[in-house]
Structures are given as C-alpha cells and as structure tokens.
Amino acid sequence: MADLKSTFLNVYSVLKSELLHDPAFEWSDDSRQWADRMLDYNVPGGKLNRGLSVIDSYRLLKEGQALNDDELFLASALGWCIEWLQAYFLVLDDIMDNSHTRRGQPCWFRVPKVGMIAANDGVLLRNHIPRILRKHFRGKPYYVDLLDLFNEVEFQTASGQMIDLITTLEGEKDLSKYTLSLHRRIVQYKTAYYSFYLPVACALLMMGENLDNHIDVKNILVDMGTYFQVQDDYLDCFGDPQTIGKIGTDIEDFKCSWLVVKALELCNEEQKKVLYEHYGKPDPTNVAKVKALYNELNLQGVFAEYESASYEKLVTSIEAHPSKAVQSVLKSFLAKIYKRQK
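Throughout this document, residue positions are counted from 1 along each chain, in the order its sequence is written. A pLDDT threshold of at least 70 governs which residues receive local features in this predicted model, and a stricter bar of 80 or more applies before side-chain atom pairs are shown or counted, although totals over entire chains, interfaces and linings include all residues. Values shown for side chains rest on all heavy atoms present in the structure; no hydrogens or waters enter the calculation.

Asker: Residues and numbers for a negative patch on the surface, please.
Answerer: Within the patch definition used here, like charges are joined within 9 Å and nonpolar side chains (Val, Leu, Ile, Met, Phe, Trp, Tyr) within 5 Å, considering only residues with over 30% relative accessible area and no salt bridge. Surface accessibility in these figures is a Shrake-Rupley result with a 1.4 Å probe; residues are shielded only by whichever protein chains are displayed. By convention in these notes, a salt bridge is any Lys or Arg side-chain nitrogen within 4 Å of a carboxyl oxygen on Asp or Glu. Under the counting rule used here, the positive set is Lys and Arg, the negative set is Asp and Glu, and His together with the chain ends is not counted. All charge positions are set by atom: Lys at NZ, Arg at CZ, Asp at CG, Glu at CD. Together, Asp-145, Asp-148, Glu-152 and Asp-212 give the surface a local cluster of negative charge. Along the polypeptide, Glu-152 turns up in helix α6 (residues 143-167). Each helix is a run of DSSP H or I of at least 4 residues and each strand a run of E of at least 2, with the numbering of both proceeding from the N terminus.

The structure is reproduced here in structure tokens:
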C-alpha cells in the first residue's frame, strides 16, 4: 500500500507540472509560484482515500489482472481529479464556515496574504479537473461520460451543501426541522455521491461500462456513504480526539447530526426541553448538558444497534449483486469503514 501511495503521489507531481505549464494561459513566475504553493497546500494533504480507491476499485474490477503503467497512470489521474474536487469543496467550505484549521494546519484562507484570494483559488481548483480530463482522456470513448459524471456529482454535492447551510441558518435555529429524512438528504448529497459513488463510477467507466446499468451499485454506495457519515456524527461526540485528529463541534454548531435526530426521536418532553435549551450554544456547560442527555438516552447503544443493522443490510445487498468483481469492490469499501474508530 505504501508503494501504491508513492506511485500515486508521483502522478500528482506530473499532473501539477502539466497544469503549471498549461498552454491555454500565459504564466508569469509569480502566478506559477502562487498556483504551485496553493496546490501543495490544499490537494495532497489528506488521507487520499477517495483517490486511492479509484485504483483499488479498478484493480478489483480487472479481477487480478495486473494493471499496465498506462492503466495505473489513468486510474491515478482520475483519483487525483476526485482529490482536486475535494480540495475545491474544502477550501470554499472553510470560508463559508469561518473555520480555523483543516488537516492540522490553518485553513488556506487563514494563511497570511491569502485571505479572500482563496475564493478564486477554489474556482481554479475546480477548473483544473476538466484540464486534467482533457489532456489525458480526450481520446477515450468514455470521455463525455467522465465529464458528465464529475459535473453531476459536483451539482449534487453543492446542493447538499446548500441544504446543510440553510438548515443551520443563524437566527432560524429550529430543532423541530431536524428529522432522519433531512439528515439522510444532506448526507446523501453532500458526502455520499462524491466520496463513495464517484471513485467506483470512475473505475467502471475505465472498464468500458455504462453507468446506467449500475444504478444498484450507486444505491449501495450511497447507503454506505450514509452509514459512514452516521459514524462520523457519532465519533464527533464519542470518538477520541487523539484518534480522530479533531475536536468535535457538532453540538456547538447546531449541526443536523444523526445523534441529535435520534435524541429528538427518543426523548420525553422534559428531555426535549433540555435539548432545545442547550443545543447549538458554544458554552461548554451547554455542550456537557447535551452530552449527558445523549448518555441518558443510551445513544452509544442505539448507535451500536444501527451499526450492526446497517452492516447486515449492506452485506445482503452486496451479495445479491450478480458480478463477483463488483461484489469485491463493494466489500472492500465496507471493510475499510466497518467499526472504524477514526
């Protein structure tokens, strides 16, 4: 795996160099230097799970056939397109949320001399994707499908972000809106499509598959993405900050978290008052009151039940799939996230 990661990072260097010498623009030393620093700061810094899973999925779909250098490069390039998409979302999300840190360093817009230039950098990151696709996939029969796929998933993600933002609007904090169906919609659109469906869809297109024939695969991956986000919501409150690498703030931020939705479902009138009074307030005493209520309602037990039920349901759906190769892709995704601690 370490070997695959270094190969993958080498492809990043190639793609970056091509973008910094894109003939469609007349580069100066200053602009090239800016873009170079901006890319290194924002694109390769994460866990790279989404990008690496394109290569993983493509390998599994090829059923053990070794990838040649060209196939490995192309699968890596698509993986990097997803990482570029993620970087674009995160740079802009951090501005919208007025965040301070991301991946253990200051958010890009917080870096001295960057500020609101970060908004244009986000737009640039987004525009790098079609440049990469054009350079490396223009001659492929699935080129249009790739462009379509990235455009559609970006639209779904931005729309999910919209629901999330308008739900947590200042001055309109209303817990009664927080239901499982709202939670599912936010999660499905904001996270599941680009994090779970997109990497597998890229691999399927490289295999020459028509995505319209794989709606079942999309549905399973979207369910998996939903389960992943519920885990995230759970870890935000009950995870170990040392392990997950961040301190959760969902309660303070009035987030439509699975935990608060479940709490609202399970609590009596007295407990509901406590939630309404203390949820979404930054003071640690308020947060402690909410966490105490979560414990009173045994949300850790409720989550454990949800986790095994989801796992069972996913395994059943996966095993119903006619293709063993597709099953292996889906099972490898599930294995990576089941009972994760971070």
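Asker: Account for the nonpolar core, naming residues and giving values.
Answerer: Put simply, buried Ala, Val, Leu, Ile, Met, Phe, Trp, Tyr and Cys residues joined by side-chain atoms within 4.5 Å make one nonpolar core. Residue exposure (1.4 Å probe, protein chains only): buried if accessible area is under 20% of the type maximum, exposed if over 50%, otherwise partly exposed. Core analysis: the largest hydrophobic core is formed by 81 residues, its most contacted members being Trp-84, Phe-150 and Met-224. Counting residues per element, this core draws most heavily on helix α4 (residues 69-96), which supplies 15 residues. Note: domain ranges come from an automatic or database domain assignment. Viewed by domain, this core spans two of them, domain 1 (1-139) and domain 2 (143-341), each represented by three or more residues. Here, residues are in contact when the closest pair of their heavy atoms is within 4.5 Å. Look past the residues within four positions of Met-224 in its chain and what remains in contact with it is Phe-196, Leu-314, Ile-318, Leu-330, Phe-333, Leu-334 and Ile-337. The next biggest cluster of nonpolar side chains, apart from the first, holds 29 residues, and it includes Val-260, Tyr-279, Val-287 and Leu-293.

Asker: Residue-level account of helix α11 (residues 269-278), with values.
Answerer: Since one α-helical turn is 3.6 residues long, residues separated by three or four positions face the same way. Considered for burial, the residues of α11 that qualify are Gln-271, Leu-275 and His-278. End-on view of α11: buried residues confined to an arc of 90°, all on one side of the axis. In α11, those exposed residues whose orientation departs by more than 90 degrees from the buried face are Glu-269, Glu-270 and Lys-273. In the core, the buried residues of α11 are packed alongside α10 (258-266) and α12 (284-296). Contacts described as polar in this section are N or O atom pairs within 3.5 Å, which, within protein, must combine one atom able to donate a hydrogen with one able to accept it, while residues neighboring in sequence count only if both atoms come from side chains. Here α11 starts with a cap whose side-chain oxygen sits 3.1 Å from the backbone nitrogen of Glu-270, and that cap is Asn-268. One or two steps after α11, the chain reaches Gly-280, where phi turns positive at roughly 85°. Throughout, the arc means the angular range of directions from the helix axis out to the C-beta atoms.

Asker: Tell me about the pattern of salt bridges, and name the residues and values.
Answerer: Counting across every chain of the model gives eleven salt bridges. Residue Lys-16 pairs with Asp-40 through a salt bridge whose shortest N-O separation is 3.0 Å. Of the two residues, Lys-16 sits in helix α1 (residues 2-19) while Asp-40 sits in helix α2 (residues 29-42), which places them 24 residues apart along the sequence. Taking relative accessible area as the criterion, Lys-16 reaches 13% and is therefore assigned buried. Through salt bridges with shared partners, a single network forms among Lys-16, Asp-36 and Asp-40.

Asker: Account for a nonpolar patch on the surface, with residues named and values stated.
Answerer: Among the surface-exposed residues, Met-96, Met-162, Leu-165, Ile-166 and Leu-169 lie close enough to one another that they form a single nonpolar patch of about 440 Å² accessible area. Per-element accounting of the nonpolar patch gives the leading share, three residues, to α6. With respect to the element layout, Leu-169 can be found in the loop between α6 and α7 (180-206).

Asker: An account of the environment of Glu-152 is needed here, citing residue identities and associated values.
Answerer: Exposure remark for Glu-152: the relative accessible area of 43% places this residue in the partly exposed category. A C-alpha to C-alpha distance of 31 Å links Glu-152 and Lys-339, two positions 187 residues apart in sequence.

Asker: So what's going on with the domain arrangement of the chain? Which residues, and what values?
Answerer: Split by domain assignment, the chain resolves into domain 1 (1-139) and domain 2 (143-341). Using only C-alpha atoms to locate each centre, domain 1 and domain 2 end up separated by 24 Å. At the interface, 29 residues of domain 1 touch 27 residues of domain 2. Summed over both sides, the interface between domain 1 and domain 2 buries roughly 2,600 Å², with carbon and sulfur atoms accounting for 73% of that surface. Measuring nitrogen to oxygen at the nearest pair gives 2.3 Å for the salt bridge that ties Glu-154 to Arg-126. Connecting domain 1 to domain 2 are seven residue pairs in polar contact (both at pLDDT 80 or more). Listed by contribution, the elements that provide at least two residues to the side of domain 1 that touches domain 2 are α3 (49-61), α4 and α5 (117-137). For this classification, Asp, Glu, Lys and Arg are treated as charged, while Ala, Val, Leu, Ile, Met, Phe, Trp, Tyr, Cys and Pro are nonpolar and the rest, including Gly, are polar. Looking at the side of domain 1 that touches domain 2, its residues break down into 16 nonpolar, three polar and ten charged. Summed over both partners, the accessible area lost on bringing two parts together, with a 1.4 Å probe, is the buried area.

Asker: Tell me what's going on with unusual backbone geometry, and back it up with residues and numbers.
Answerer: Despite not being glycine, Asn-98 shows a phi value in the positive range, around 55°. As for its placement among the helices and strands, Asn-98 is situated in the loop between α4 and β1 (101-102). Judged by relative accessible area, Asn-98 falls into the partly exposed class, the value being 48%. With a phi angle near 50°, Arg-103 is a residue other than glycine that sits in the positive phi range. Its location among the elements puts Arg-103 in the loop between β1 and β2 (105-106).

Asker: Summarise the side chain of Asp-236; cite the residues concerned and give the values.
Answerer: Along the polypeptide, Asp-236 turns up in helix α8 (residues 215-238). Among the polar contacts made by the side chain of Asp-236, one reaches the main-chain amide nitrogen of Asp-250 at a distance of 3.0 Å. Leave out the neighbours within four places in its chain, and Asp-236 touches Gly-248, Thr-249 and Asp-250.

Asker: Describe the packing of α4 against α6, with residues and values.
Answerer: Whenever a helix is involved, its axis is fitted only over the stretch in contact; in every case the axis is a line through C-alpha atoms, and angles between N-to-C directions fall within 0 to 180 degrees. At a minimum axis separation of 12 Å, α4 and α6 run at an interaxial angle of 25°. When the interaxial angle is binned, α4 and α6 end up roughly parallel. Crossing handedness for the pair α4 and α6: right-handed. Between α4 and α6, the residues in contact are Leu-78, Cys-81, Ile-82, Leu-85, Tyr-88, Phe-89, Asp-93 and Met-96 and Leu-146, Phe-150, Glu-154, Thr-157, Gln-161 and Leu-165, respectively. Residue composition of the contact of α4 with α6, grouped by class: ten nonpolar, two polar and two charged. Any angle from 65 to 115 degrees is called roughly perpendicular, while one under 35 is roughly parallel, one over 145 is roughly antiparallel, and all others are oblique. Should the near helix be turned anticlockwise from the far one by less than a right angle, the crossing is left-handed, and should it be turned clockwise, the crossing is right-handed.

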